[in-house]
Amino acid sequence: MFQRGFEPQEADLKLGPLFFKLRALEAAVLHSDNINLTPDNTESGTIAYLGLTLDVVAQFTEDLRLAASFTLVYLPLENRGGIVGFNSGADLFNFGLATGPLTHVQATWDTDIGGWHVVFTDDFQISTGYYSGGIDGNYVLFEGSPFDENLQTRTGRYALGPASGGALRRGDANFDNQLDAGRQSDVIVFSNIISADAERLDPGSILLRARVYHEDLWYNQGNRGLPSLREGATISLISQRENMRFKPYVVYDLFHTKVEDQNLVQNIVRAGFAGPITEQLRLQAELGYFNGGQADSGWLWRVALDHNAGPYTQESLIYARTFNYFHNEINEGVGYTIHQVLGPRLDASAYTYRLRVQDYFDGEQATRDEWLFGLRVTFIAGPKTTVQLTGEYTAEDSGTRQMIGRADIGYNLTDTLLLHLAYQYQESKSDVFDLNFRENLIFLSVTKYFR
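Given the structure is predicted, the values throughout are model-derived calculations rather than measurements. (Residues numbered from 1 in each chain as written. Predicted model: local features only at pLDDT ≥ 70, side-chain atom pairs only at ≥ 80, totals over all residues. Heavy atoms only, no water.)

Student: Go over the overall build of the chain with me, naming the residues and quoting the values.
Tutor: Helix and strand content of the chain: three helices and 23 strands. Counting only residues that meet the buried cut, the chain has 45% of its 451 residues in that class. In the chain, 52% of the contacts between residues at least 6 apart in sequence involve partners at least 24 apart. Counting every atom, the chain has about 21,900 Å² of accessible surface; 57% of that belongs to carbon and sulfur. (Helix = DSSP H or I, 4+ residues; strand = E, 2+ residues; numbered from the N terminus. Buried < 20%, exposed > 50% of the residue type's maximum accessible area, 1.4 Å probe, protein only. Contact = heavy atoms within 4.5 Å. Areas by Shrake-Rupley, 256 points an atom, 1.4 Å probe, with all protein chains shown as cover.)

What follows is the structure, given as structure tokens:
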């Protein structure tokens, strides 16, 4: 989704102030031998897909701009078409074969008011949803930390809530509904955010930032205890003094969330500092306190070390207690990630996390412990061929264990024509019978990119 923009003269089509650019044309097929992820009576299924990705830019004035990216989809086996996210073609994005929102439209207006630089934004996006406690969405951890509530803004995936045996309670009336939802790969989140962001640099080298926003949320499977509205305000004071190694900051957040008939208000105050310990080692540390919302009150913190050990090694160590995006879970734990160049054509990435998750989903509190592991190795097999192997594993104190093994091969038929073949094996073992399953999945695509 987040690609380099294009100049108006590079547009393939112009209609008044609108400039259209073709990005890609793709044909793909995906086959699974257990589409419902059931322990027995398994059912296989195949999806065929034709997609055309378009970027649209409208520059109405120097300060007023509209940008959009979306994919037109046709499913030949079902004789159905539309835009990705509107009940069409989202399965491939859930499989992790594409990143970023399914559809994204953003209008912005930049201006200056009383010495403040102000940006007004209306941002609409359609994203996939995955359930916390499941392994399906863990591949995003190669890109960021589970302590980062804004990871979804970079990856286009929302963490929706618990779906594993450890988080669900058999006595709950909606246990079966939650269990079924956790098995699906077509949970779609529609989000529209109207916001105003302002900042100014005071003479004392203090950067002042303020933000107010209103977000409406919809889901293709109903709310299931998730917010239908999020709104709030943020005020930040950040030191910009060049002679300070560690620059302090203070942040105040006010959240208002509507969950079904509940209106929840939460306040969070955070203070911290960030800066380099050495040229290769950077530290961020902060402490915060919250009250209100589903979690009542408590402390939050984050201590992160980022280490560039050289041109071939980047690693991070983090210990944190933070909210997820919807503020209905608190993740506390420690994690380590590393990216290592092993040779001229070989590199690897890995992550490991030990988490304690306090879940306030549906207004009830439950706690679970999780262990997450991932390893990805990428090999440039030739001038046209790339091979990537990925393995991920999760375990919970409830006894549920899940693993995914995946192999991807990319082959450039030409400079702009890519062949992609992927095989994935997924397995889940649990004391809850319905959470035991195995799946073999094969994916093949040919994509034409337009320059």
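Back to the text.
Student: Tell me about the pattern of salt bridges, and please be specific about residues and values.
Tutor: Under the definition given, this model contains 17 salt bridges. When the shortest N-O distance is used, the salt bridge between D202 and R200 registers 3.3 Å. A relative accessible area of 25% means that D202 is categorised as partly exposed. Through salt bridges that share partners, E329, R368, E370 and E396 make up one connected network. (Salt bridge = Lys/Arg side-chain N within 4 Å of Asp/Glu carboxyl O.)

Student: Residue-level account of empty space enclosed by the protein, with values.
Tutor: Within this structure, the stated rule accounts for three cavities of 30 Å³ or more. Estimates place the volume of the second largest cavity at around 90 Å³. Looking at the lining of the second largest cavity, the elements with two or more residues in it are β12 (247-259) and β13 (262-276). For the lining of the second largest cavity, the per-class residue count stands at five nonpolar, five polar and no charged. (1 Å grid on protein atoms, 1.4 Å probe; cavity = no way out; pocket = protein on both sides within 12 Å on 5 of 7 lines; lining within 4 Å. Points joined across faces, edges and corners; volume = space filled by probe spheres on them. Nonpolar A, V, L, I, M, F, W, Y, C, P; charged D, E, K, R; others polar.)

Student: Could you give an account of the pairing of strand β6 (residues 103-113), naming the residues involved and the relevant values?
Tutor: One ladder, built from six bridges, connects strand β4 (residues 64-75) with β6; its direction is antiparallel. The residue bridging L66 from the neighbouring strand is A107, located in β6. Bridge count between β6 and strand β7 (residues 116-132): 11 bridges; the pairing is antiparallel. For V105, the partnering residue across the bridge sits in β7 and is F124. Taking the residues that link successive antiparallel strands as the turn, the β6-β7 hairpin has two residues, and the phi of G114 there is positive, at about 55°. (Pairing = 2+ DSSP bridges.)

Student: How would you explain the confidence of the model for the chain if you had to name every residue and give the values?
Tutor: On average, the chain scores 83 in pLDDT, and the residues at 70 or more come to 83%. Mean pLDDT across the secondary structure elements of the chain bottoms out at helix α3 (residues 175-183), with 37, and peaks at strand β14 (residues 281-292), with 96. A low-confidence stretch, residues 85-94 (pLDDT under 50), is modelled with 40 contacts involving residues beyond four sequence positions or located in other chains. Below pLDDT 50 for its whole length, residues 163-185 participates in 53 contacts with residues either more than four positions away or in separate chains. (pLDDT = per-residue confidence, 0-100.)

Student: So, the environment of D123: which residues are in play, and what are the values?
Tutor: In this fold, D123 is placed in strand β7. In sequence terms D123 and S191 are 68 residues apart; their C-alpha atoms lie 8.0 Å from each other. Other than its neighbours up to four places away in sequence, D123 contacts H104, V105, Q106, S191, N192 and I193. There is a polar contact of 2.8 Å between the side chain of D123 and the side chain of H104. Within the structure, the side chain of D123 is placed 2.6 Å from the side chain of Q106, a separation counted as a polar contact. (Polar contact = N/O pair within 3.5 Å; in protein donor to acceptor, adjacent residues only side chain to side chain.)

Student: Describe unusual backbone geometry, naming the residues involved and giving the relevant values.
Tutor: Notably, N41 is not glycine yet its phi reads approximately 50°, a positive angle. Its location among the elements puts N41 in the loop between β2 (18-32) and β3 (45-59). Phi at H327 is positive, roughly 60°, even though this residue is not glycine. Tracing the sequence through the fold places H327 in the loop between β16 (313-323) and β17 (329-343). You can call H327 buried: its relative accessible area is 8%.

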